[in-house]
Amino acid sequence: MLDAEGLESTRKAGGIIAKLRKDLPRMVSPGRPVVKICEELESKIRELGGQPAFPVNVGINEIAAHYTSPPADTLTIPQGSMVKVDFGVHVNGYLADTAVTVFFDPTFEPMARAATEALDHAIKAFHAGVKLSDIGRIIQGTVERYGFRPISNLTGHSIERYAIHAGKSVPNVPQLLNSSKALEGEVYAIEPFVTLESAAGSVANLPDAYIYRFVKLKGVKNEESKRVLEDIHKRFLTLPFAARWLETKFSREVATRGMKDLLEKKCIGSYPVLVEETRKPVAQAEHTVLVGKDGCTILTG
Ligand code: MN
Ligand code: MN
């Protein structure tokens, strides 16, 4: 439950997102390097008085989540693609999270619309006391009416200070064993993911991972790695970060060597890139909401 200061900071984070969501379609175009999109959005977040809550995720076609540009990324937005841009902002650790889908082939329009409409319907039903499994039922029902399939193993989530995934899940399908309810004053990200009816409707890990998190300070001997780890701990705490972000303090060589050592020593962990299992395209919509007695308030739009 947020106190007055927490609420104000969360609203500020949401306000920064609401503003940037409007600029976002202009930032994404075929041929544009993905790293430019990540860096532009991250620097605009800072200019507006927030911090990125996690590295900007750019998910192209069948990539559902957790792709951010690694150092020296050469990836560009493909012609005719569908792109999810998922980004978050924090103000003193108070977070808001959002995602927008843009597409460069009109055949993707219904899938993107199904995600947006599923999110709208979920938000309309969201209030103190609602069973989170029922939100999953609403999302699935909306998506299926469009002739698509929701991704069943990706979920929305409760949000707390410095915790993007604070423990409660908002499923995109009904979960019979999930009896959790939303409580007044809680903050949630709701995020339907939609794919083709012929797809598996689930995501799997790729071998690559470009987003990391701090795990522990102990267990590393090398002085250079220690300096990298201390910087990570100080700057990002529990929040996810990108290797790119270390390059404001360290050379690419030092950062890369340090990260490799820290991953081996399990001082940091990583989030693998998530791909739709049958390699079918994925759309996503996401807003962060504050739960009220009779409804909820969208903080990010
Ligand atoms: Mn998100
Ligand atoms: Mn989220």
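Just so it is clear, the structure is predicted and the values come from calculations on it, not from any experiment.

1. Overview of the pattern of salt bridges
In the structure shown here, the tally under the stated rule is 16 salt bridges. One salt bridge connects Arg32 with Glu40, and the closest N-O pair in it is separated by 2.8 Å. Glu186 is paired through a salt bridge with Lys168; the nearest N and O atoms lie 3.1 Å apart. In this pair, Glu186 is assigned in the loop between strand 7 (169-170) and strand 8 (187-190) and Lys168 in the loop between strand 6 (156-159) and strand 7, connecting sequence segments 18 residues apart. Several salt bridges share partner residues, and in doing so they unite Arg32, Glu40 and Lys44 into one network.

2. Some words on the coordination of the manganese ion (ligand 2)
Within the protein, the manganese ion (ligand 2) binds to Asp97 (OD), His157 (NE2), Glu191 (OE) and Glu286 (OE); these donor distances fall in the range 2.1 to 2.2 Å. Look at where the donors of the manganese ion (ligand 2) fall in the sequence and you get D-x59-H-x33-E-x94-E. If you look at the manganese ion (ligand 2) and the manganese ion (ligand 1), they sit 3.1 Å from each other and are both ligated by Asp97. One end of the pair, Asp97, is in strand 4 (residues 94-103); the other, His157, is in strand 6, with 60 residues separating them in the sequence. Per residue, the accessibility class of Asp97 equals that of His157, and both read buried.

3. Focus: the pairing of strand 1 (residues 51-60)
Counting buried positions over the 10 residues of strand 1 gives 9, a clear majority of the element. Alignment of strand 1 against strand 3 (residues 82-91), held across 7 bridges, turns out to be antiparallel. Counterpart to Phe54 in the pairing with strand 3 is Gly88.

4. Section: helix 2 (residues 34-47)
Here helix 2 spans 20 Å end to end across 14 residues, near enough to the 20 Å set by a 1.5 Å rise per residue. Residues of helix 2 that are buried include every one of Val34, Val35, Ile37, Cys38, Leu41, Glu42 and Ile45, and no others. Looking straight down helix 2, one finds its buried side chains confined to an arc of 165°; they lie on one side. Looking at the packing, one finds that the buried side of helix 2 touches helix 1 (4-27), strand 1 and strand 3.

5. What about helix 1?
Three or four residues apart is the spacing at which side chains of an α-helix point the same way, because the helix has 3.6 residues per turn. Between its first and last C-alpha, helix 1 extends 34 Å over 24 residues, near the 34 Å set by a 1.5 Å rise per residue. For helix 1, the principal kink sits at Arg21 and spans about 35°; a proline, Pro25, occurs within the next four residues. If you check which residues of helix 1 are buried, you get Gly6, Ser9, Thr10, Ala13, Gly14, Ile16, Ile17, Ala18, Leu20, Asp23, Leu24 and Met27. Here the buried face of helix 1 lies against helix 2, strand 3, strand 4 and strand 8.

6. Describing the pairing of strand 10 (residues 203-214)
Note that strand 10 and strand 12 (residues 268-276) share 8 bridges and pair antiparallel. Bridge pairing links Ala204 to Val275 in strand 12. Note that strand 10 and strand 11 (residues 241-242) share 2 bridges and pair antiparallel. Across the sheet, Tyr212 pairs through a bridge with Phe241, a residue of strand 11.

7. Here we look at the domain arrangement of the protein chain
Many descriptions give the size of an interface as the accessible area lost when the pieces come together. Taken as a whole, the protein chain is organised into domain 1 (4-205 + 275-298) and domain 2 (208-273). One C-alpha centre belongs to domain 1, the other to domain 2, and the line joining them spans 26 Å. On the domain 2 side, the residues contacting the 26 residues of domain 1 number 16 residues. Buried area between domain 1 and domain 2, summed over both chains or domains, comes out near 1,700 Å², and the portion from carbon and sulfur atoms is 69%. Interface area lost by domain 1 to domain 2 is led by His66, Pro71 and Tyr162, which between them contribute 34%.

8. Details of unusual backbone geometry
In most cases, non-glycine residues show a negative phi, while peptide bonds are predominantly trans. For His66, which is not glycine, the phi torsion reads 75° and is therefore positive. With respect to the element layout, His66 can be found in the loop between strand 2 (63-65) and strand 3. Overall, the relative accessible area of 23% leaves His66 in the partly exposed class. Even without glycine at this site, Asn92 takes up a positive phi of about 55°.

9. Focus: the sheet that holds strand 7
A sheet is described by the order of its strands in space; here 5 strands give the open sequence 7-6-8-14-15, paired in antiparallel fashion. Single-partner strands in this sheet number two, and they are strand 7 and strand 15 (296-298).

10. Some details on the sheet that holds strand 11
With antiparallel pairing, 4 strands are arranged side by side in an open sheet as 2-12-10-11. Every interior strand has two partners, whereas the edge strands, strand 2 and strand 11, have only one. Sheet analysis places strand 2 next to strand 12, joined by 2 bridges and oriented antiparallel. What sits directly across from Ala65, in strand 12, is Leu274. Helix 5 (residues 223-236) contacts strand 10, strand 11 and strand 12 of the sheet and is inclined by roughly 90° relative to strand 10. Together, strand 10, strand 11 and strand 12 form the strand contacts of helix 6 (residues 252-264), whose direction differs from that of strand 12 by roughly 90°.

Definitions and cut-offs
Residues numbered from 1 in each chain as written. Chains lettered and ligands numbered in written order. Predicted model: local features only at pLDDT ≥ 70, side-chain atom pairs only at ≥ 80, totals over all residues. Heavy atoms only, no water. Salt bridge = Lys/Arg side-chain N within 4 Å of Asp/Glu carboxyl O. Helix = DSSP H or I, 4+ residues; strand = E, 2+ residues; numbered from the N terminus. Donors = N, O, S within 2.8 Å, 3.2 Å for Na, K, Ca; no water. Buried < 20%, exposed > 50% of the residue type's maximum accessible area, 1.4 Å probe, protein only. Pairing = 2+ DSSP bridges. Expected span 1.5 Å × (residues − 1). Arc of directions from axis to C-beta. Contact = heavy atoms within 4.5 Å. Bend = angle between axes of the 7 residues up to and from the residue. Domains from an automatic or database assignment. Buried area = accessible area lost by both parts, 1.4 Å probe. Axes fitted to C-alpha atoms, helices over the stretch in contact; angles between N-to-C directions.

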